[in-house]
Amino acid sequence: MNERRDPIEDLAHLRHEFGEHGGVNMSIEASTTFTVIDPETMPELFEGRKGPDKGCYLYGRHFNPTVFNLGRQMAALAGTEAGYCTASGMGAISGAILGLCNAGDEVVASSAIYGGSYALLHDFLPAKAGIKTTFVDITDLDAVRNAITGQTKLVFTESISNPTLRLANIPRLADIAHEQNLPLVVDNTFSPLLLRPAALGADIVVHSITKFISGASDIIAGAICGSGSYIGGLMDLHMGPLMLLGPTMDPHVASTISLRIPHLPLRMAAHGERALELSRRLDALGLKVNYPGLPRHPDHELFNELRSSEYGYGGVFTLDVGDEQTANDLMSRLQNEQRFGYLAVSLGYFDTLMSCSGSSTSSELGDEAKAAAGISPGLMRISVGYTGTLEQRWGQLLAALGDTGIIGAKKVQAGTGTA
Ligand SMILES: *Cc1c(COP(=O)(O)O)cnc(C)c1O
C-alpha cells in the first residue's frame, strides 16, 4: 500500500490548505449540524450518496470538517487511503474491531498489548458481544498461523509490544493474515513515523494520539486509518461503530492536534536520540535495560530492517530492577529528589514518565498472562522525554541509582565523571 509515498511530503502537501479566511491553519468548524441549500440533498446524505469527500456534511457525530481534515492528515501519516479520528485510542481500537467482527467471530491477538486493549479483548467483547480472542506470542509466527480458525476476522498486534518492546514482524504477519483473507490491524501508538505498518503490509492502523502524536499529555484522542470503504463503513448510519457508539472527537481538539503534527518528526527523533543514549549508558553499567536500539535486543536486526532510520528506535525503554519495592524506591527518588521525571503512566510526553508496568498499565493481565508476556514485578517502563540536557538527566539517573543501592558508589563516581 503506497510504499513509495513519504508521509512527511504528503503531510506538508495536505497542510497547504488554507483556513476559511485565508488563515495559515485550518479553520475550526464548531457546528454540530449543517444546512443543505437544496432539500433534495438531505436524503442523499442519509443514503451515503453525498458525504465529506463532496464537501457535504450532515451532523457532527457523523463527520465534522475539522475532524475530517485531521483524519486526512492521520491517513497521510499512516500511509493509508483514509482515516478518521476518535475521542480516544480505546475508541479507535474498539471501533476498528467492531467494524470487522460480529457476534460469534474471533480475533487472534498478541498477548503483550496495552492493558486496556487486553481487557477489551479478554473480558469485555466476549461478555458483551460474543467476540472471542485467542492470545498468542506474536513473535511466534507458527503460533499465529495455528490460532486462526474459520471464525477469525482479524489479526491484532501492537507494532512494538507494551511494555516488553518486542517488535512485530509486520510483513510476515501480513502474509499470514492475507493467506486467509484476513486484515492485519496494527496499533502503532509507540512508533508513529518510526515504523510505518501500512507500508509494511498492515491493512488497518490504529493510534492513541494521546501519546507521542499529541506529545504534551494534555489531550485524549485516537485515530483509525485504512481503506476508504472501511473507514466509510465505520460511519454507516445502521451498522457503523463510530457513528452508533459515538466516540466522537471534538473539532477544537482536532485543530489543536493538527498544529502538533508538523513537529512530530522532530519530537520523535529527539525522544529516540535521548532514549538510545541513556539506555546505552545503563547497559554499560551492566543493568537490565531493554531497548530495541541495543544490539543485544532480540529484535534489533529486524528493527533495522523495518524502521525509518531518521527516528532512532523510539522513546521507550524498560529497566528491570528485580522487585517492585526497589522499582518504587528508584522511581520516587527520580521524581521527588532528582526531578528526573514523573511517576505516572502514559508515554510520549516531552518530560520523562515512569511506571511499574505489572502494577499499573498491565495490571489487567493475570499473573500467568503477565509471566507469558514477560512482565516481571520490578520492570519499570520509562518514556524518555527530551527536556533538560543529556548530562543533567544522566547525572540525576546515576544519583538515584546510587542512592537506591542498585549500583555501587564506585560506578556512580565513574559515571558522574563523564557528566
Ligand atoms: C494508551 C494506549 C492506548 C489507549 O489510548 P487512549 O488514548 O488512552 O484511549 C492504546 N494502545 C496503546 C499501545 C497505548 O499506549
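Keep in mind that what you see is a predicted model, and the values were worked out from it rather than measured.

Engineer: I keep staring at the sheet that holds strand 1 (residues 82–86) and nothing clicks. Help me out?
Structural biologist: Read across the open sheet, the seven strands follow the order 1-7-6-5-4-2-3; overall the sheet is mixed. Strand pairing shows two members of the sheet lacking a second neighbour, strand 1 and strand 3 (132–136), which therefore form its edges. On average, adjacent strands in this sheet sit at an angle of 20 degrees to one another, irrespective of strand direction. Where strand 5 (residues 184–187) lies against strand 6 (residues 204–208), three bridges are found, and the strand directions are parallel. Across the sheet, residue Asp187 finds its bridge partner in strand 6, namely Val206. This element, helix 3 (residues 65–78), spans strand 1, strand 6 and strand 7 (222–226) of the sheet and lies at about 120 degrees to strand 1.

Engineer: Is there a simple way to think about helix 3 in this case?
Structural biologist: Note on helix geometry: an α-helix contains 3.6 residues per turn, so any two residues three or four positions apart are oriented the same way. With 14 residues, helix 3 extends 20 Å between its outermost C-alpha atoms, agreeing within 8% with the 20 Å of an ideal straight helix rising 1.5 Å per residue. Where burial is concerned, most of helix 3 is hidden: 12 out of the 14 residues are buried. All of the buried residues in helix 3 are Pro65, Thr66, Val67, Phe68, Leu70, Gly71, Gln73, Met74, Ala75, Ala76, Leu77 and Ala78. The inward-facing, buried residues of helix 3 contact helix 1 (7–15), strand 1, strand 6, strand 7, helix 10 (251–258) and helix 11 (264–284). Between the side-chain oxygen of the N-cap and the backbone nitrogen of Thr66 there are 2.7 Å, and the N-cap of helix 3 in question is Asn64. Following helix 3 by one or two positions, Gly79 has its phi on the positive side, about 75 degrees.

Engineer: In this structure, what is going on with the pattern of salt bridges? I would like to understand it.
Structural biologist: Proximity of charged atoms lets side chains of opposite charge pair with each other. Taken as a whole and judged by the stated rule, the model has 15 salt bridges. The salt bridge involving Asp218 is made with Arg260; its shortest N-O contact spans 2.8 Å. One end of the pair, Asp218, is in the loop between strand 6 and strand 7; the other, Arg260, is in the loop between helix 10 and helix 11, and 42 residues separate them in sequence. Judged by relative accessible area, which is 46%, Asp218 ranks as partly exposed. With relative accessibility at 14%, the residue Arg260 sits in the buried group. Close ionic contact of Glu391 with Arg281 constitutes a salt bridge, the shortest N to O distance being 2.8 Å. Of this pair, Glu391 sits in helix 15 (residues 390–404) while Arg281 sits in helix 11, and the two are 110 residues apart along the sequence. We classify Glu391 as partly exposed; its relative accessible area is 29%.

Engineer: Can you help me understand the site of the ligand in this one?
Structural biologist: Around the ligand, the structure places 14 residues, and the nearest of them are Met90, Asp187, Ser208, Thr210 and Lys211. One of the backbone nitrogen or oxygen atoms of Gly89 is found 2.8 Å away from an oxygen atom of the ligand. One of the side-chain N or O atoms of Ser208 is found 2.8 Å from an oxygen atom in the ligand. Look at the ligand: alone it shows 380 Å² of surface, and the protein chains cover 93% of it. It is helix 4 (residues 89–98) that provides the largest number of residues to the shell around the ligand, a total of three residues. The class makeup of the residues in the shell around the ligand is six nonpolar, five polar and three charged.

Engineer: I'm lost on the environment of Val107 in this one. Help?
Structural biologist: In this structure, Val107 sits in strand 2 (residues 106–110). Distance from Val107 to Leu343, taken between C-alpha atoms, is 34 Å for residues 236 residues apart in sequence. Dropping the residues within four chain positions of it, Val107 is found in contact with Ile97, Cys101, Leu121, Ile131, Lys132, Thr133, Thr134, Leu154 and Phe156.

Engineer: Explain the layout of surface pockets here, please?
Structural biologist: If a probe as big as a water molecule is rolled over the atoms, it shows which places are left empty. Estimated volume of the largest pocket: approximately 680 Å³. Of all the elements in the fold, those that place two or more residues in the lining of the largest pocket are helix 1, helix 2 (41–46), helix 3, strand 1 and helix 8 (228–234). Broken down by element, the residue count for the lining of the largest pocket peaks at four residues, all from helix 3. Each residue belonging to the lining of the largest pocket can be placed in one class, and the counts come to 13 nonpolar, 11 polar and 10 charged. Empty space within the second largest pocket amounts to approximately 310 Å³. Lining the second largest pocket are 20 residues; nearest its centre among them are Ser161, Thr164, Arg166, Ala373 and Gly374. At the level of secondary structure, the elements contributing two or more residues to the lining of the second largest pocket comprise strand 8 (288–290), strand 9 (316–320) and helix 14 (367–373). Residue classes in the lining of the second largest pocket are distributed as six nonpolar, 10 polar and four charged. Two domains each donate at least three residues to the lining of the second largest pocket, and these are domain 1 (7–262) and domain 2 (264–418).

Engineer: What am I meant to see in the domain arrangement of the protein here?
Structural biologist: Each assigned domain of the protein is listed here: domain 1 (7–262) and domain 2 (264–418). Look at where the C-alpha atoms of domain 1 and domain 2 centre, and you get two points 29 Å apart. The interface is formed by 36 residues belonging to domain 1 together with 41 residues belonging to domain 2. Interface of domain 1 and domain 2: buried area, both sides summed, is about 3,300 Å²; carbon and sulfur atoms make up 66% of it. On the domain 1 side of the interface with domain 2, the three residues burying the most area are Leu165, Leu194 and Phe212, jointly 23% of the side's total. Connecting domain 1 to domain 2 are one salt bridge. A salt bridge links Asp299 to Arg166; its shortest N-O distance comes to 2.7 Å. Counting every contact that joins domain 1 to domain 2 gives 14 residue pairs in polar contact (both at pLDDT 80 or more). Counting residues per element, the ones that place at least two in the side of domain 1 that touches domain 2 are helix 5 (115–129) and helix 7 (170–179). Residue contributions to the side of domain 1 that touches domain 2 peak at four residues, all from helix 5.

About the cut-offs
- Residues numbered from 1 in each chain as written.
- Predicted model: local features only at pLDDT ≥ 70, side-chain atom pairs only at ≥ 80, totals over all residues.
- Heavy atoms only, no water.
- Pairing = 2+ DSSP bridges.
- Helix = DSSP H or I, 4+ residues; strand = E, 2+ residues; numbered from the N terminus.
- Axes fitted to C-alpha atoms, helices over the stretch in contact; angles between N-to-C directions.
- Contact = heavy atoms within 4.5 Å.
- Expected span 1.5 Å × (residues − 1).
- Buried < 20%, exposed > 50% of the residue type's maximum accessible area, 1.4 Å probe, protein only.
- Polar contact = N/O pair within 3.5 Å; in protein donor to acceptor, adjacent residues only side chain to side chain.
- Salt bridge = Lys/Arg side-chain N within 4 Å of Asp/Glu carboxyl O.
- Near = heavy atom within 4 Å.
- Areas by Shrake-Rupley, 256 points an atom, 1.4 Å probe, with all protein chains shown as cover.
- Nonpolar A, V, L, I, M, F, W, Y, C, P; charged D, E, K, R; others polar.
- 1 Å grid on protein atoms, 1.4 Å probe; cavity = no way out; pocket = protein on both sides within 12 Å on 5 of 7 lines; lining within 4 Å.
- Points joined across faces, edges and corners; volume = space filled by probe spheres on them.
- Domains from an automatic or database assignment.
- Buried area = accessible area lost by both parts, 1.4 Å probe.

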